[in-house]
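# Per-entry structural report
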Amino acid sequence: MSTTKRWLVPAVDVFESDDAWRLVADVPHVTRDQVEVTVHEGVLKIRADGGSVGYERSFRLPTRVAGDAVDAGLEGGVLTLTIPKPPEARPHRVAIA
Amino acid sequence: MLVDWFDSGTGVSRVPSMWQEMNALLGALERPAHTAAPRLSVHTDDTAITLELTAPGVKADDIEVEVTGRVLEVSVSREPKAPEGFRTVRQERRAWRIERSFELPFDVRADEATASLEDGVFRLVLPRVPKAEPVKIAVRSVAPQIAAEEV
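Residues numbered from 1 in each chain as written. Chains lettered and ligands numbered in written order. Predicted model: local features only at pLDDT ≥ 70, side-chain atom pairs only at ≥ 80, totals over all residues.

### Details of the overall build of chain A
Scanning chain A for helices and strands turns up zero helices and eight strands. The N-to-C order of helical and strand elements in chain A reads β-β-β-β-β-β-β-β. Overall, the C-alpha framework of chain A stretches about 75 × 25 × 20 Å when taken along its three principal axes. Out of the 97 residues belonging to chain A, those deemed buried represent 32%. If you take every contact in chain A between residues at least 6 apart in sequence, the share linking residues at least 24 apart comes to 49%. (Helix = DSSP H or I, 4+ residues; strand = E, 2+ residues; numbered from the N terminus. Buried ≥ 20, exposed ≤ 12 C-beta atoms within 10 Å, placed from the backbone. Contact = placed C-beta atoms within 7 Å.)

Have a look at this one:
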């Protein structure tokens, strides 16, 4: 049986709080060890190679983020990334005297 | 490589204007097909019928399967929600509900069906009731009647 690999752009939701961004991506068919998340020169890249199907997508981050600060989890074909905001990207509350 | 930007859905004031220009530019580009829609495939062979549905984020409780005679009914749904404490910036993962009814090409053993939900893929295997094989009947040689009379 011949299998042709399909490369897909995963559907992604982006959420934001004061402290972090959260990316949620649909990546059915892939397992934990097949997912690769990298941050390089302000671009966050998701790549998942599941054999018969692969996913790839990149996002330019609004601010500089260290790659090791990104938390990644995979469950039920859904990849969840939490990217903490650096202090300069968080809203600053000015105290009124 | 296509690089996406976080769209400035709600936080416009926090986004530099260059971002908005880039967004407008990227918005004009044609985007490849996303995985927002579920993919359903049905495969039949001599031993079973296999149904496979991409269902990322779907829980076992969101799946219903019913076999009545030669009719298979499948219903699956999902409803992605914003995580608590977060506001939505971009939403591509759609809520959907699939209700499909299939007429099976052969009788199946519904009591031996196996259903699994793994890595966001729902798989249902319905084994086929074995086809009635022609049964060979051994023919014994019976002593002719005439011989019996002789005894």
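### Let's talk about the overall build of chain B
Scanning chain B for helices and strands turns up two helices and nine strands. Sequence-ordered secondary structure for chain B, helices as α and strands as β, is β-α-β-β-β-β-β-β-β-β-α. Within chain B, buried positions represent 15% of all 151 residues. Restricting the contact set of chain B to residue pairs at least 6 apart, pairs at least 24 apart contribute 49%.

### Section: the sheet that holds strand S3 (residues 48-54) of chain B
Residue and element names in this part refer to chain B. The antiparallel open sheet is built from four strands, whose spatial order is S2-S3-S9-S8. Of all the strands in the sheet, just strand S2 (40-44) and strand S8 (114-118) have a single pairing partner and so form its edges. Within the sheet, the average angular offset between the axes of one strand and its neighbour, ignoring direction, is 10°. Note: S8 against strand S9 (residues 121-127), five bridges, orientation antiparallel. In the strand pairing of S9, Ala 115 is matched with Leu 124. (Pairing = 2+ DSSP bridges. Axes fitted to C-alpha atoms, helices over the stretch in contact; angles between N-to-C directions.)

### Looking at the environment of Arg 128 of chain B
All names here are of chain B. Its place among the elements puts Arg 128 in the loop between S9 and helix H2 (145-150). Along the chain, Arg 128 and Ala 115 lie 13 residues apart, while their C-alpha atoms are 15 Å from each other. In this structure Arg 128 touches Thr 47, Ala 48, Phe 106 and Val 108, once residues within four positions along its chain are discounted.

### Observations concerning the confidence of the model for chain B
Residues and elements named next belong to chain B. In this model, chain B carries an average pLDDT of 79, and 70% of its residues clear a pLDDT of 70 or more. Across residues 7-33 the pLDDT falls below 50, and counting only partners more than four positions away or on other chains, this stretch makes 22 contacts in the model. Overall fold confidence for the complex sits at a pTM of 0.76, while the interface term, ipTM, reaches 0.85. (pLDDT = per-residue confidence, 0-100.)

### Considerations on the pairing of S9 of chain B
Side-chain direction in a regular strand flips from residue to residue, so the side chains alternate between the two faces of the sheet. Residues and elements named next belong to chain B. Pairing analysis gives seven bridges linking S3 to S9, with the strands arranged antiparallel. Bridge assignment links Ala 48 to a residue of S9, and that residue is Pro 127. Taking the residues that link successive antiparallel strands as the turn, the S8-S9 hairpin has two residues, and the phi of Asp 119 there is positive, at about 50°.

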